[in-house]
Amino acid sequence: MRLAGPLRILVVLVTVGLTWILASVMFGTGNGFFKIRQLLNSPEQVSTADPKPKKYKCGLRIPCPEKHFAFRIVSGAANVIGPKICLEDQILMSSVQNNVGRGLNIALVNGVNGELMDTKSFDMWAGDVNELLAMIRALHDGTLVFVASYDDPATKMNVEARKMFMELGSTAVKDLSFRDSWVFVGAKGIDNKSPFEQHVKNNKHTNKYEGWPEALEMEGCIPQRTSE
């Protein structure tokens, strides 16, 4: 008879404890029972975080097919942030590489094996356009030409230079003007116009920066040239 009181108290405590546990499971108010509540939920109710999108060479969202070179080109932003050229996950030109400058930044690549042949920047505001012409004249058939503008790509651009870029596959170069943004990939001996080109005009009404348009970013897959 003396045990009736303590047993009654024990039963009350156990009942209260089980009630609290059940409430926690059903209403999700207890962190300690989160896993139990998850098990009771249907698969449709359990939310899982989306996996981080996979990035491929040069940060492309999809992989390139076999016998293609992955690339990404970013033009300069105003006269503050330099351009960047990436090929097959290798940075060919960038501010970090310390090989970019005002004007046109050009990387020459072997179209057969993807090896970097040369990089150079040409000051198109105060430089000598003949240096640019000399570089283009010396190109061999199949050479890939990567171009990224920075600040001003066109003040020193003459008729001959524009014609040479058109022969490399450009269509925008004929309209390229002071402080335009331009990215382009062409090739010596190309038969058609290049599909890899973007151009935005310097326009005070639409410029993203004061005195400059937005920076351009272009990516893609370039077919590997077969050796002859």
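Structure's up top.
Procedures and definitions
One numbering rule holds for all chains: residues counted from 1, following each sequence as written. Local features in this predicted model are restricted to residues of pLDDT 70 or higher, and side-chain atom pairs are both shown and tallied only at a pLDDT of 80 or more, whereas totals for entire chains, interfaces and linings draw on every residue. Excluding hydrogens and water, the side-chain figures rest on all heavy atoms present in the structure. Paired strands, in this sense, are two strands between which DSSP finds at least two bridges. The helix count covers DSSP runs of H or I at least four residues long, the strand count covers runs of E at least two residues long, and both are numbered beginning at the N terminus. Between N-to-C directions, angles cover 0 to 180 degrees, with each direction set by a line fitted to C-alpha atoms, over the stretch in contact for helices. Remark: exposure states derive from per-residue accessible area (1.4 Å probe, protein chains only) relative to the maximum for the residue type, with buried under 20%, exposed over 50%, and partly exposed in between. Read the arc as the range of directions from the helix axis to the C-beta atoms. The criterion used for residue contact is that any of the two residues' heavy atoms lie within 4.5 Å. Between N or O atoms, a polar contact is any pair within 3.5 Å; within protein, one atom must be a potential hydrogen donor and the other a potential acceptor, and residues adjacent in sequence are included only when both atoms are from side chains.

Enquirer: In this structure, what is going on with the sheet that holds strand 3 (residues 90-93)? I would like to understand it.
Expert: By way of backbone hydrogen bonds, the strands of a sheet pair with one another, either parallel or antiparallel. One open sheet accounts for four strands, arranged 3-2-1-9; its pairing is antiparallel. Looking along the sheet, the strands with just one partner apiece sit at the ends: strand 3 and strand 9 (217-223). Strand-to-strand twist across the sheet, computed as the mean angle between neighbouring axes with direction ignored, equals 25 degrees. Across seven bridges, strand 1 (residues 68-74) lies against strand 9 in antiparallel orientation.

Enquirer: Looking at this model, I keep getting lost on helix 3 (residues 129-137). Mind explaining?
Expert: Each α-helix winds once per 3.6 residues, and so residues spaced three or four apart point in a common direction. Listing the buried residues of helix 3 in full gives Val129, Leu132, Leu133, Met135 and Ile136. Buried residues of helix 3, seen end-on, are gathered within an arc of 160 degrees and therefore sit on one face of the element. Tucked into the core, helix 3 has its buried residues touching strand 4 (103-109), strand 5 (116-122) and helix 4 (159-167). The N-capping residue of helix 3, defined by a side-chain oxygen 3.0 Å from the backbone nitrogen of asparagine 130, is aspartate 128.

Enquirer: Before we go on, may I ask you to explain the sheet that holds strand 8 (residues 197-200) in this structure?
Expert: Pairing within the open sheet is antiparallel, and its five strands lie in the order 5-4-6-7-8. Strands with a single pairing partner mark the edges of an open sheet, and in this sheet they are strand 5 and strand 8. Strand-to-strand twist in this sheet, taken as the mean axis angle between neighbours without regard to direction, amounts to 15 degrees. Relative to strand 5, strand 4 runs antiparallel, the two being bridged by six bridges. From the neighbouring strand, leucine 104 faces strand 5, where its bridge partner is phenylalanine 122.

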